[in-house]
Amino acid sequence: MKTNVTKIGRIAGFAFAVALLTIAATATIAQEKGASKLLQLSAPQATPVAVASEYKPMSCANCKDSFVAVPDTEIKGAGARALVSSGTPTRIVAKHLCGACANKWVVKGHGKAKVGVPVHQCASCG
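Please read these numbers as outputs of a predicted model, since none were measured by experiment.

> I'm lost on the overall build of the protein in this one. Help?
Summing up its helical and strand segments, the protein has 3 helices and 4 strands in all. The buried share of the protein, reckoned over its 126 residues, is 6%. Looking at the protein alone, contacts between residues at least 24 apart form 41% of all its contacts between residues at least 6 apart. Carbon and sulfur atoms make up 65% of the accessible area of the protein, which totals about 11300 Å².

> What is the right way to read the pairing of strand S4 (residues 115-121) from this model?
Sheet faces and side chains relate simply in a regular strand, where the side chains alternate between the two faces. Taken together, the 7 bridges between strand S3 (residues 102-108) and S4 define a ladder with antiparallel strand orientation. The partner of Lys-104 across the bridge, within S4, is Val-119. Between the end of S3 and the start of S4, which pair antiparallel, lie 6 residues, with Gly-109 showing a positive phi angle near 85 degrees.

> Hey, could you run me through the environment of Val-115 in this one?
Examined against the element boundaries, Val-115 turns out to sit in strand S4. Judged by its relative accessible area of 45%, Val-115 falls in the partly exposed class. Along the sequence, Val-115 and Trp-105 sit 10 residues apart, while their C-alpha atoms lie 9.8 Å from each other. Apart from residues no more than four positions distant in its own chain, Val-115 is found in contact with Val-106, Val-107 and Lys-108.

How each quantity is defined
Residues numbered from 1 in each chain as written. Predicted model: local features only at pLDDT ≥ 70, side-chain atom pairs only at ≥ 80, totals over all residues. Heavy atoms only, no water. Helix = DSSP H or I, 4+ residues; strand = E, 2+ residues; numbered from the N terminus. Buried < 20%, exposed > 50% of the residue type's maximum accessible area, 1.4 Å probe, protein only. Contact = heavy atoms within 4.5 Å. Areas by Shrake-Rupley, 256 points an atom, 1.4 Å probe, with all protein chains shown as cover. Pairing = 2+ DSSP bridges.

This is the structure in structure tokens:
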């Protein structure tokens, strides 16, 4: 059996195909990926407030630091660091040269965010 497609049928089919392609194209352009949409929803709406730094430079002229290598006493990964350094592992730390000063370590935060912060106390300049 032979099927005859009229001119009006071809035009209607072509118009239907163009309409479907247009709808599909606009839907894919407008669709956002899941992760980017979640990041937009969870992003903070207000700008964070600027916090003043607590850093105070050393005011005494004698207050200077030098860097020295000390043995690394950290337990975790000691074997791997010993293999890499081919001997006793060392780390570089700053040593304060002024004898009248003191560095006090203060622990800030709690849990996993706990951090030891050095606080410089200069006795010679006040």
